[in-house]
Structures are given as C-alpha cells and as structure tokens.
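In case you want the letters, here they are:
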Amino acid sequence: MKFLKAALAATALTAFATSAQAQDTGAYINLGVDAVEFDAYSLAARAGYQFTENFSVEGQGSFGIIDDEVQGVDVGVDYSVAAFVRGSIPVGEQFSLFARGGYHFTQFGAEGNGIDESLDFDGFAYGAGAEYMINDLNGIRADITLYDSSDDNINGVDVSGTSDVYSIAYVRKF
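The residue count restarts for each chain, going from 1 along the sequence in the order it is written. Reporting of local features is limited, given that this is a predicted model, to residues whose pLDDT is at least 70; pairs of side-chain atoms are given and counted only at 80 or more, and all residues count toward the totals for whole chains, interfaces and linings. Processing note: side-chain calculations cover all non-hydrogen atoms of the structure and skip hydrogens and water entirely.

Undergrad: Lay out the packing of aromatic side chains with the relevant residues and their values.
TA: Working definition: rings of Phe, Tyr and Trp (its six-membered ring) pair if their centres are within 6.5 Å, and the pair is stacked with planes under 30 degrees apart, edge-to-face with planes over 60 apart, and tilted otherwise. Applying the stated criterion across every chain yields a total of five aromatic pairs. With a centroid separation of 6.1 Å and 40° between ring planes, the pair formed by Y79 and F105 is classed as tilted. Placement of Y79 in strand β5 (residues 73-90) and of F105 in strand β6 (residues 95-112) is noted, with a sequence separation of 26 residues between them. Summary of the burial criterion: residues with accessible area below 20% of their type's maximum are buried, those above 50% are exposed, and those between are partly exposed, where the area comes from a 1.4 Å probe applied to protein chains only. A relative accessible area of 34% places Y79 in the partly exposed class. On the basis of relative accessible area, F105 is assigned to the partly exposed category, the value being 31%. Clustering of aromatic rings is evident, with ring pairs tying together Y49, F51 and F55. Consider the ring centre and the ring normal. A charge sits over the ring if Lys NZ or Arg CZ is within 6 Å of that centre and within 35 degrees of that normal. In this structure, R86 packs its charged tip against the face of F98, placed 4.7 Å from the ring centre. Between the NZ or CZ atom of R100 and the centre of the ring of F84, over which it lies, the distance is 3.7 Å. Going along the chain from the N terminus, every DSSP run of H or I of four or more residues is numbered as a helix, and every run of E of two or more is numbered as a strand.

In structure tokens:
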C-alpha cells in the first residue's frame, strides 16, 4: 500500500512538472481605466506574474481622474491599491476566462458644498473577467471586481457593502 501511494505521488509530481514546462508563463502588466459604479473613473495599472497557465498573482494601483457629482458634491476615488491571486482557464488559443480574489485599500474623496472629506475603505475584493491576446505579447482584458467595505462606518453611519468596479485594460506580457 505504501508503494502504491508513493507511485501515485511520483506520477502526479511528474505530470505536474511536465505540464508546467509547457505553460505560457511570466511577467505581465496591464494599463487601463476603471469605472466605479457611480461613474467615477480611475487610471489603473497592474503588474503580475503568471506561474502556470492557470495561476498568477497581481498587484494593482489606481488613482482617480474623473469624479461623479452627487447633489453638488464631487465624489470619486483618490487612490486604490490591491493584491490578488488569479485563476485562469484558457478557452481557446488566444482567449481565456479568469477569476480573482484578494484584498484592497481604497480612499474616496468628497468635495463641495462645504464638504472636504477623505474616506478610507478596505476589505476583500473578488471578480471575474476575460482576456484576449492579439499576439504572443499584446492583448486586451475586461473584468468586473467587487470591492467589499465591511465593518466601515462614518460618524456612526454604516457604509459597508460592495462597490462594482468595471475595468478595461491593455495587456503586455514579457
């Protein structure tokens, strides 16, 4: 029985090592635009490393460029930073679907009508998207990520919940 377990483990490791050699892996960057559900926009950059065809990690940073006006108050993202793990499934030679999960820290700003506030939110973030590679190095990516802000309150008012962030970005692999 011990021999059978050892043989199965060795076979699994060999299969994993063989498949890992055939994967398209390496560093990548994304540059794009994020749209927060209330029509505020940010410039976003991601840097990541794809370890296997199905697994990568990425860091993300963005800063606000267009605020939304809500009752005379400009509301938007000042900046956001996040880290994610990403699982991908190729569905064609150039097209893949992915899901990602991680943690974010985001600062929103509100300005106008006598208000000048910065609001800090942090929590889990998760989402899904698709990536289309035009050639081996260049592509385009679209995704939606939900940013959780659980346990946050402002002056005793509960503002927890999620914000939907839609993104489109240029992909460059190295």
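Undergrad: Describe the nonpolar core, naming the residues involved and giving the relevant values.
TA: Here, nonpolar core means buried Ala, Val, Leu, Ile, Met, Phe, Trp, Tyr and Cys residues that are tied together by side-chain atoms lying within 4.5 Å of each other. V36, V77, A82, F84, F108, F121, A125, Y147 and V165 together form the largest nonpolar core, which totals nine residues. For this core, the elements supplying multiple residues, two or more each, are β5 and β7 (115-133). When residues of this core are assigned to their parent elements, the largest contribution, three residues, is made by β5. Whether two residues are in contact is decided by their heavy atoms, any of which lying within 4.5 Å being enough. Apart from residues lying up to four places away in sequence, A82 is in contact with E58, G59, Q60, Y103 and H104.

Undergrad: Any chance you could break down empty space enclosed by the protein for me, citing the residues and the numbers?
TA: Here a cavity is any set of points on a 1 Å grid over the protein atoms alone where a 1.4 Å probe fits but cannot get out, and a pocket is any open set with protein on both sides within 12 Å along at least 5 of 7 lines; a residue lines the site when it has an atom within 4 Å of a point. Grid points are joined across faces, edges and corners, and a volume is the space filled by probe spheres set on the points. Applying the stated criterion across every chain yields a total of one cavity of 30 Å³ or more. Of the pockets and cavities examined, the largest cavity occupies roughly 90 Å³. Lining the largest cavity, in full, are D34, V36, S42, Q60, S62, V77, S80, T106, F108, Y147, S163 and V165. Going through the elements one at a time, β1 (26-36), β3 (55-66), β5, β6 and β11 (162-173) are the ones with two or more residues in the lining of the largest cavity. Looking at side-chain class alone, the lining of the largest cavity contains five nonpolar, six polar and one charged residues. Three residue categories are used. Nonpolar comprises Ala, Val, Leu, Ile, Met, Phe, Trp, Tyr, Cys and Pro, charged comprises Asp, Glu, Lys and Arg, and polar comprises the others, including Gly.

Undergrad: Summarise the pairing of strand β2 (residues 40-52); cite the residues concerned and give the values.
TA: Two strands pair when backbone bridges link them, and β1 and β2 are joined in this way by eleven bridges, in the antiparallel orientation. Counterpart to G26 in the pairing with β2 is Q50. Any two strands are treated as partners once DSSP identifies two or more bridges connecting them. As judged from the eleven bridges shared by β2 and β3, these two strands associate in the antiparallel manner. Within the sheet, the bridge partner assigned to Y41 lies in β3 and is I66. Hairpin remark: β2 followed by β3, antiparallel, with two residues in the connecting loop.

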